[in-house]
Amino acid sequence: MEKALKNVKKNIVRMAFEAQASHVGSALSCADILWAIYTRAANITRRNLKSLDRDKVVLSKGHASAALYAVLAELKLINPKLLDKYYIDGGVLPGHLDYMVSPAIDATAGSLGHGASIGVGMALANPDRKVFVVMGDGETNEGSVWEAALFAGTHNLSNLIFIIDENELMIYGDSKSIMDNTNIAARFHSCRFEAFEVYGHDIETLAKALNKPSMKPKAIIAHTLKGKDVSFMENKAEWHGRKPTREEYLKAVKEIDNA
């Protein structure tokens, strides 16, 4: 793992520990996806950050905001010092995303199922720019996701890329037993998407999928692990809501360094 990406993951854990905030497992699950988008696929730079005519990224699973903040800070798209003001009283970075915080944040998110529709609107309004929407697999339980997908397929929004962070865990447990969301790719295919599955923790594999030319909207089902790169968090539903102790924080940082 490259040093910069390790910094992202260590900052995610640090932010969760210092703020005593939840969703660290969810953030680690999608950190590689966001890093691949920003460093390998999206045209977003400090120079064009305030431009309306640039690629957009919607983190629909807004509870994983720490992952987006850490990526943006590592790339200097937001001031890294802002990470010290995450999820605290009087802080700057809220637990759920608010686009008013920075021009680097393209959409407010937190109520699951909304990001798909926001992304569709952005793609429709900006046909020459790419729009990336990162969703959780549990989020695909929301009917609004499929309304957005049907619209995108009908209008052939080929600049729209949905990435599903399929870690198979929700706040209440195994996502497949809560509501059978197997064959997500087939469901998107039925909405006229080009849909395929990849391993969600390999940056180059993700980059290839993100950049694959298509004449249709794309849905990339990224198989991931909740709490990736921290052994005691990996594939544990409890880390959707748990907050790391100091001992857990220090152990997590050490494991990420050694990954």
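First, a word on what this report is: a plain description of the structure on this page. (Residues numbered from 1 in each chain as written. Predicted model: local features only at pLDDT ≥ 70, side-chain atom pairs only at ≥ 80, totals over all residues. Heavy atoms only, no water.)

1. Some points on the overall build of the protein chain
Then, number 1: Within the protein chain one finds 9 helices and 7 strands.
Then, number 2: What you see for the protein chain is a C-alpha radius of gyration of 17 Å, in line with the 18 Å of a compact globule of 259 residues.
Then, number 3: C-alpha atoms of the protein chain, sized along the principal axes, occupy 50 × 45 × 35 Å.
Then, number 4: Residue pairs at least 24 apart in sequence account for 72% of intrachain contacts in the protein chain once pairs closer than 6 positions are excluded.
Then, number 5: By element, 51% of the accessible surface of the protein chain is carried by carbon and sulfur atoms, the whole surface being about 11200 Å².
Then, number 6: Charge centroids of the protein chain, computed over 32 positive and 31 negative side chains, lie 6 Å from each other. (Helix = DSSP H or I, 4+ residues; strand = E, 2+ residues; numbered from the N terminus. Rg over C-alpha atoms; globule rule 2.2 N^0.38 Å. Contact = heavy atoms within 4.5 Å. Areas by Shrake-Rupley, 256 points an atom, 1.4 Å probe, with all protein chains shown as cover. Lys, Arg positive; Asp, Glu negative; His and termini not counted. Charge placed at Lys NZ, Arg CZ, Asp CG, Glu CD.)

2. A word on the pairing of strand β1 (residues 56-59)
Then, number 1: Side chains Lys56 and Val58 project from β1 onto one buried face, and the interleaved Val57 and Leu59 project onto a second face that is buried too.
Then, number 2: Pairing geometry for β1 and strand β2 (residues 131-136), over 4 bridges, is parallel. Across the sheet, residue Val57 finds its bridge partner in β2, namely Phe132. (Buried < 20%, exposed > 50% of the residue type's maximum accessible area, 1.4 Å probe, protein only. Pairing = 2+ DSSP bridges.)

3. Some remarks on the nonpolar core
Then, number 1: Core analysis: the largest hydrophobic core is formed by 64 residues, its most contacted members being Ile12, Leu34, Ile37, Tyr38, Phe132, Ile163 and Leu210.
Then, number 2: Ranked by the residues each element gives to this core, the list is headed by helix α2 (residues 24-41), at 12 residues.
Then, number 3: Counting 25 residues, the second largest nonpolar core, distinct from the first, contains Val58, Val145, Trp146 and Leu160. (Core = buried A, V, L, I, M, F, W, Y, C linked by side-chain atoms within 4.5 Å.)

4. Details of the sheet that holds β2
Then, number 1: Strand order across the open sheet formed by 5 strands is β1-β2-β3-β7-β6, with parallel pairing between neighbours. What marks the edges here is a single partner per strand, and that holds for β1 and β6 (194-199). For this sheet, the mean angle separating the axes of adjacent strands, direction not counted, is 20 degrees.
Then, number 2: With respect to the sheet, α2 is in contact with β1, β2, β3 (160-166) and β7 (218-223), its orientation differing from that of β3 by roughly 150 degrees. (Axes fitted to C-alpha atoms, helices over the stretch in contact; angles between N-to-C directions.)

5. Description of the pattern of salt bridges
Then, number 1: Evaluation of the coordinates by the stated rule reveals 15 salt bridges.
Then, number 2: Across the pair Glu2 and Arg40 runs a salt bridge whose closest N-O atoms are separated by 3.6 Å. In this pair, Glu2 sits in the segment before α1 (3-19) while Arg40 sits in helix α2, placing the two residues 38 residues apart along the sequence.
Then, number 3: Across the pair Glu248 and Arg242 runs a salt bridge, and its minimum N-O distance is 2.4 Å.
Then, number 4: Taking the relative accessible area as the measure of exposure, Glu248 reaches 16% and is therefore buried.
Then, number 5: The network of salt bridges with common partners includes Lys9, Asp32, Lys228 and Asp229. (Salt bridge = Lys/Arg side-chain N within 4 Å of Asp/Glu carboxyl O.)

6. With respect to the packing of α1 against helix α9 (residues 246-258)
Then, number 1: Two elements in contact, α1 and α9, have axes whose closest approach is 9 Å; the angle formed by their N-to-C orientations is 175 degrees. By the criterion of interaxial angle, the relationship of α1 to α9 is roughly antiparallel. Residue-level inspection shows Lys6, Lys9, Lys10, Val13, Arg14 and Phe17 of α1 in contact with α9, the latter providing Arg246, Tyr249, Ala252, Val253, Ile256 and Asp257.
Then, number 2: Residues belonging to the contact of α1 with α9 are distributed by class as follows: 6 nonpolar, no polar and 6 charged. (Parallel < 35°, antiparallel > 145°, perpendicular 65-115°, else oblique. Nonpolar A, V, L, I, M, F, W, Y, C, P; charged D, E, K, R; others polar.)

7. Let's talk about unusual backbone geometry
Then, number 1: Notably, Lys76 is not glycine yet its phi reads approximately 60 degrees, a positive angle.
Then, number 2: Residue placement: Lys76 occurs in the loop between α3 (65-74) and α4 (115-125).
Then, number 3: The residue Asp229 is not glycine, and still its phi comes out positive at about 80 degrees.
Then, number 4: Its place among the elements puts Asp229 in the loop between β7 and α9.

Everything listed here is a matter of geometry and, on its own, says nothing about what the molecule does.
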